[in-house]
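Take a look at the letters that make up each chain.
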Amino acid sequence: YKCSSEKAKSVVFGFLPILTWLPSYPLKQYLFGDIVSGISTGVMQLPQGLAYAMLAAVPPVFGLYSSFYPVLLYTFFGTSKHISIGTFAVISLMIGGVAVREAPDSMFAVNGTNASQVVDFEARDARRVEVVVALTTLVGIIQFVLGLLRFGFLAIYLTEPLVRGFTTAAAVHVSVSQIKYLLGVHTARFNGPLSVVYSLDAVFRNIASTNVVTLIIGLVCTVFLYFIKDLNERFKKKLPIPIPGEIIVVIVSTGISYGMVMSENYGVEVVGNIPTGLLPPKIPDFSVFPNLFPDAFAIAVVGFSIAISLAKTFALKHGYSVDGNQELIALGLCNFVSSFFHTFAVTASMSRSLVQESTGGHTEIAGLLASLLVLLVVVAIGFVFQPLPTTVLAAIIMVNLLGMFRQMKDIPALWRTSKIELAIWLVSFFASVLLGLDYGLVVAMGFAILTVIYRTQCPKNALLGQIPDTGLYFDVDEYEEAEECSGIKIFQSNTSIYFANSDLYVSALKAKTGIDPAQLLVARKSQLKYAKRDNGERKAVNHCSPVKKNAVDVELGVTREVVAGAKKQKDHVYTNGQMTENHAESESEDDFFLQRLTPIHTIVLDFTPVNFIDSVGAKTIKSVNILCWCCAGTLLSDLRTLKFFCEPVTPDLIFPTIHDAVLHCKHSRDVPVCPDVQ
């Protein structure tokens, strides 16, 4: 480890990416676009912050805090120029599940009874905020440590079908959780396996108590927001900035609710108290950490996966790069530092990021301006939103989920392209819907890993043939011009060889070639034994009677020289039934009997698709005899490490290409080509 000024500068600039672009920030080119983008994103961030706080099971004002502190911090530590950090439906729902589990309504029932369903909501909300803040602290610590340990690659284990199935399932959970707000009914919030079923059952049991005014407001807002979203999508190239439908709905509905005193006159549930100003920092409750660690790890990984996928998408589109490890550090710092100021865990939002990019945002300055707009509302005019009906926030949430529900279109597309990825999508979706997001994610990741094992257990096996007059070899079943080499079988399997599939590899080799090398070797040794005995008896007879005559061994299919003195002596050697008359007295016993056991004298294994081989796989493959090998240099070094090269396998049987192995087999004098297979 060496320290130098250049290295220290590189470390500082890597930890604070803002130092690399802010000094050269082009004011004339970027400032106006960043201002417009920041205002547009901030206007969208306000209602979403209020709405997603409901999903996180905390009062709405904490959604505003979570829309300010983390966004401000990401400006300094983030590497993506276009993603909008803040509240997000999926993460908020996962957080809310933990909060409800750790602080259920039953813990705060007045007089210790549930008969009247009287709950101390103030004490319950205070405890849930403590749990959520502690959870966010732990999420930040996990992300920060993973970033320092260079675990930015972690997101690759959450494959795209898994993430899309998971987020679609999360959209189902969110939608079901918002039905009660749209109808204005009061039900308990459920968490864990079958929570969707229990929530729907509770809503339908209380549907008779639906507040008609609340339902009308919710439906009108939903239709209006859907219309505005569709309008923005249709005319996005003509509109300078998207129509801010969400803030329009919030302002209008707040004004109507305030003017008509809907909370008192019609029983419409409203946001309620929103304190003006920022709360002082507070140390989280560390005593609940042990209970929250599994949930924190899941939220940390899912949050990072969503953020990095969006960041890479925009980086590829605009021609810059993002650092996965630094993104982990940035998200970790955003969550950890902000948790001391009463926020809940955040990640990148797909809808806001699209708005930030489409309205002309060029750098993180747009996010900074959006956070300042939220700060202005919190400090100055937060109390204005107190009469806002919660059904409006539910409408905002459900309309923003339309993009996730469109992911259902993946099913027919994956059916046509990849059945395994379709299975991952479906397992991720149904497991997350039925078991809950936490258990569903674990099941989905486990299933995705099993599909990798399945692929190694069921690889594509092929016999290769040569394209005439070339050194190219292809699958004889797929290419008509590919012809098998005389006396040679070339076997290829596109999988690595290890303890779980080594026996399957050998079985596939036997099935494809139609030859069992082990049995062939046993038969060969047996024939050599009889050949030596016959040769000794023949020499003894030759000394006694030199007169010889030719006879045809019909079972062997070859012409043999039989000594006259040996009257009924015959060698019964079974071959493939073909007749040959070629025999030279000078042939070795090995060659003579080998070429009559089978017309195939050599099996070539193509190891070029093999990425690795373990000791079990090496021992299993070594048991297969009469072979030549073709493998890459990296695998060759692994074989040397495994002490693979000792009798009967020697390095001179290894070749860099299939063609080299075939040429060696054809021209080798040690293993002659069968004369009847040419």
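Counting restarts for each chain: residues are numbered from 1 in the order of the written sequence. Restriction of local features to residues with pLDDT of at least 70 applies here, the model being predicted, together with a cutoff of 80 or more for giving and counting side-chain atom pairs; totals for whole chains, interfaces and linings are based on all residues. Calculation of side-chain values draws on the structure's entire complement of heavy atoms; hydrogens and water are dropped beforehand.

**Comments concerning the overall build of the chain**
Put simply, the rule reads: Where helices and strands are cited, they refer to DSSP runs of H or I of at least four residues and of E of at least two residues respectively, numbered from the N terminus. When accessible area is computed with a 1.4 Å probe and restricted to protein chains, residues below 20% of their type maximum are described as buried, those above 50% as exposed, and intermediate ones as partly exposed. Throughout, a contact is declared for two residues whenever any of their heavy atoms are within 4.5 Å. Only the protein chains shown count as cover for residues, with accessible areas throughout obtained via the Shrake-Rupley method and a probe of 1.4 Å.
When you go through the chain residue by residue, the secondary structure sums to 27 helices and 10 strands. Taking all 678 residues of the chain together, the buried fraction comes to 49%. For the chain, the share of sequence-separated contacts (at least 6 apart) that also reach a separation of at least 24 residues comes to 77%. Total accessible area computed for the chain in this model is approximately 33200 Å², and 63% of it derives from carbon and sulfur atoms.

**Some points on unusual backbone geometry**
Here the phi dihedral of L194 falls at roughly 60°; this positive angle occurs in a residue that is not glycine. Of note, L194 is situated in the loop between α8 (160–183) and α9 (195–205). Despite not being glycine, K643 shows a phi value in the positive range, around 55°. Its location among the elements puts K643 in the loop between α26 (633–641) and β10 (654–655). Judged by its relative accessible area of 68%, K643 is exposed.

**Topic: the pairing of strand β8 (residues 602–606)**
Counted only if it meets this: Any two strands with at least two DSSP bridges between them are considered paired.
By the criterion of burial, β8 is predominantly enclosed, with five of the five residues buried. By the alternation rule, side chains of β8 split into T602, V604 and D606 and I603 and L605, which are all buried. Of the pairings in the sheet, the one linking strand β5 (residues 488–493) to β8 comprises five bridges and is parallel in character. Bridging across to β8, I488 finds its partner in T602.

**Focus on empty space enclosed by the protein**
Heads up, the rule is: Grid points spaced at 1 Å and placed over the protein atoms alone form the basis of the search, with a cavity being a set where a 1.4 Å probe fits but cannot get out and a pocket an open set showing protein on both sides within 12 Å along at least five of seven lines. Lining residues have an atom within 4 Å of a point. Grid points are joined across faces, edges and corners, and a volume is the space filled by probe spheres set on the points. The nonpolar class holds Ala, Val, Leu, Ile, Met, Phe, Trp, Tyr, Cys and Pro. Asp, Glu, Lys and Arg form the charged class, and all remaining residues, Gly among them, are polar.
A complete count under the given rule lists five cavities of 30 Å³ or more for this structure. What the largest cavity holds in volume is close to 420 Å³. The set of elements that each furnish at least two residues to the lining of the largest cavity consists of α3 (27–55), α6 (89–102), α8, α9, α13 (289–318) and α21 (437–457). Top element by residues in the lining of the largest cavity is α8. It accounts for six residues. Partitioning the lining of the largest cavity into residue classes produces 14 nonpolar, 10 polar and five charged.

**Remarks on the packing of helix α10 (residues 212–234) against helix α11 (residues 245–260)**
Worth spelling out the cut-off: The axes are straight lines fitted to the C-alpha atoms, using for helices just the contacting stretch, and the angles between their N-to-C directions are given from 0 to 180°. Any angle that is under 35 degrees is reported as roughly parallel, and any over 145 degrees as roughly antiparallel; angles of 65 to 115 degrees are reported as roughly perpendicular and all others as oblique. For any pair of crossing helices, the crossing counts as left-handed if the nearer helix is rotated counterclockwise from the farther one by less than a right angle, and right-handed if it is rotated clockwise.
Direction vectors running N to C along α10 and α11 enclose 155°, while the axes themselves pass 9 Å from each other. The pairing of α10 with α11 is recorded here as roughly antiparallel in orientation. Pair α10 / α11 crosses with right-handed handedness. Across the interface between the two elements, C221, F224, L225 and I228 from α10 touch G245, E246, I248 and V249 from α11.

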